[in-house]
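Here is how the chains run, residue by residue.
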Amino acid sequence: MNRFIAPIFFCGIFLVCAMGVMAFQKMNMDTTADGAVVEAAPGVESGMMAAVQMMFNDMTGRTTITPKFDISGMEPAAPRGWYPTQYKTVDGEAITQTKLSRGLMVKDSTNTLLTGFNNAARGRGNAIAITYKRGEQMIAFMMRVPDQLNTNTVHGGMMAMVAQQLRSASDFNSGHDGPFALHHGVPFEETRGYVSSPTTNDDIPVDFRVFKGNLADMFVFTVLTNSSDAAVAAVLEGIPMGQLIGMLPEPEPHLLISVAFQTRDAEPSTVVPGPSIARRAYMMTKVRLDYSRNDVNLLDAIIDRRVLVWADAFERFGSGIGVSSDILALLGPLPALTTANQIEYDARALLLTSRVWTGDESRILSGMENRRLQDRGDAERFLDDNPILSEVVIDLINMLPEKYTETVLPASDTIARVMVIRRGTTINQGESSASVCVIENGVRRCIIGGGGN
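Because the structure is a prediction, the values reported are computed rather than measured.

About the cut-offs
Residues numbered from 1 in each chain as written. Predicted model: local features only at pLDDT ≥ 70, side-chain atom pairs only at ≥ 80, totals over all residues. Heavy atoms only, no water. Pairing = 2+ DSSP bridges. Helix = DSSP H or I, 4+ residues; strand = E, 2+ residues; numbered from the N terminus. Axes fitted to C-alpha atoms, helices over the stretch in contact; angles between N-to-C directions. Buried < 20%, exposed > 50% of the residue type's maximum accessible area, 1.4 Å probe, protein only. Polar contact = N/O pair within 3.5 Å; in protein donor to acceptor, adjacent residues only side chain to side chain. Core = buried A, V, L, I, M, F, W, Y, C linked by side-chain atoms within 4.5 Å. Contact = heavy atoms within 4.5 Å. Lys, Arg positive; Asp, Glu negative; His and termini not counted. Salt bridge = Lys/Arg side-chain N within 4 Å of Asp/Glu carboxyl O.

**Some details on the sheet that holds strand β6 (residues 137-144)**
With antiparallel pairing, 8 strands are arranged side by side in an open sheet as β4-β5-β6-β13-β12-β9-β8-β14. Taken across any chain shown, the strands that pair with only one partner, and hence form the sheet edges, are β4 (83-86) and β14 (261-263). The average angle at which neighbouring strand axes cross in this sheet is 20°, direction not considered.

The following block contains the structure:
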């Protein structure tokens, strides 16, 4: 809509100015005694016409200006063991596992990215695109010189102001803490790893990675890859950044004194990232509708990359009791746990299930989750008389360590009996009695200590 309103708005302003000049000319005409019309001094008219002409040129001038920079031959040298070649459409499609659509409709941000590489390789605009290959690994590199907004025009100045506001709002769009690398003070950041889709309004996780850098809005760099951090760093280091900075009209001071090249990690990883579990989780949400609320919550956390390994899941979802096994398989095998951790994580997972717990069970599970319940003796404080507990809770109680209390008597060294907790027995100093167990809503529950009463 804006592309139609803006031209109409500026045309309206021009017509008002033109009508104002015509009225000014009419007002500055004089009349002699015999009725003859005499025009005003030519200097007045020429001055007004010059002002109108300047305004017309300002409003109808070019909105953008193309900087005259020659970047041919400035692509980075290929890292050792890599083979450089001119970028081809199939390269980007292989990295993203996506087919480029050349239609006018915007499909998603991946298609926009591939279109940019494709245009650069075809010589559209002042840009270069090259692909570095090593077996199945590929790094597509693009450098372009974008058109600059002509701030000497009204339209260009307004667009520059809007662009600055948008840039300020998107400065924190990086998916990582700090830039991936600094090259002569120019930051390169890894993007979040999602593709935005206007059709689904979803942020879809992807397996490829994108790195971006910007030198004073004069040179823009984009890296598209399925390779490791170390390989990406080797390509970025090969950019002739010092030479590019020397081409700037007025380089910022920090660009002239910054370290040549440094990465966030002292030794970038050489491991090639495998398939993203975030993307696999996203696909699972699109093919099944029978997941429980707890299943969906864990899948959403994986898609958002808040949970990527079991260590992340333990703090939010415990050991995953009640979660579908195919979802837990995304996190890999369950690691070995200490008894204390097993009790805590199992209790947390049980509380997240849809099972209805009694008051005694809720208190015990909450105490285990918060580690306020340390041993079997502590469990007694959470129970009412004749407590009703399900077998899964009794099993967790039995995993708690026994509490030994040594009492020294004057006449003998008598040690108090160990508190014993068995399935179907009351919690006391070794006394036991029969228990009554029933099945309620598919859950076996036992009345502890309520044998014959």
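**With respect to the environment of Thr225**
Take Thr225: it is sitting in strand β13 (residues 219-225). Using a relative accessible area of 0% as the deciding quantity, one classes Thr225 as buried. When the C-alpha atoms of Thr225 and Thr131 are compared, they prove to be 9.5 Å apart, with 94 residues separating the residues in sequence. Within the local environment of Thr225, its side chain forms a polar contact with the backbone nitrogen of Ser227, the two atoms lying 2.8 Å apart.

**Examining the pairing of β13**
For β13, the tally of buried residues reaches 7 of 7 residues, placing the bulk of the element in the interior. Residues Phe219, Phe221, Val223 and Thr225 point to one face of β13 and Val220, Thr222 and Leu224 to the other, with burial holding for every one of them. By the bridge criterion, 6 bridges tie β6 to β13 in an arrangement that is antiparallel. Paired with Met143 across the two strands is Phe221, which belongs to β13. Inspection of the sheet shows strand β12 (residues 209-215) paired to β13 by 7 bridges, in the antiparallel sense. Residue pairing in the sheet places Arg209 in a bridge with Thr225 of β13. Hairpin connection between β12 and β13: a loop of 3 residues separates the two successive antiparallel strands, and Ala216 in this loop has a positive phi of roughly 55°.

**Some thoughts on the nonpolar core**
Core analysis: the largest hydrophobic core is formed by 39 residues, its most contacted members being Phe117, Leu224, Leu298, Ile302 and Val307. Put simply, the parts of the chain that give this core at least two residues each are α4 (109-121), β5 (127-134), β6, α9 (277-287), α10 (293-303), α11 (310-317) and α12 (325-328). Per-element accounting of this core gives the leading share, 5 residues, to α10. Excluding its chain neighbours within four sequence positions, the residues that come into contact with Leu298 are Val307, Phe317, Val323, Ile327 and Leu328. Residues Ala181, Phe188, Val232 and Ala233 belong to the second largest nonpolar core, which totals 33 residues.

**Topic: the side chain of Asp295**
Topologically, Asp295 is positioned in helix α10. Arg288 provides the closest opposite charge to the buried, salt-bridge-free Asp295, at an N-O distance of 5.9 Å. Within polar-contact distance, the side chain of Asp295 engages the backbone nitrogen of Ser292 at 3.1 Å. Of the polar contacts made by the side chain of Asp295, one reaches the side chain of Ser324; its length is 2.9 Å.

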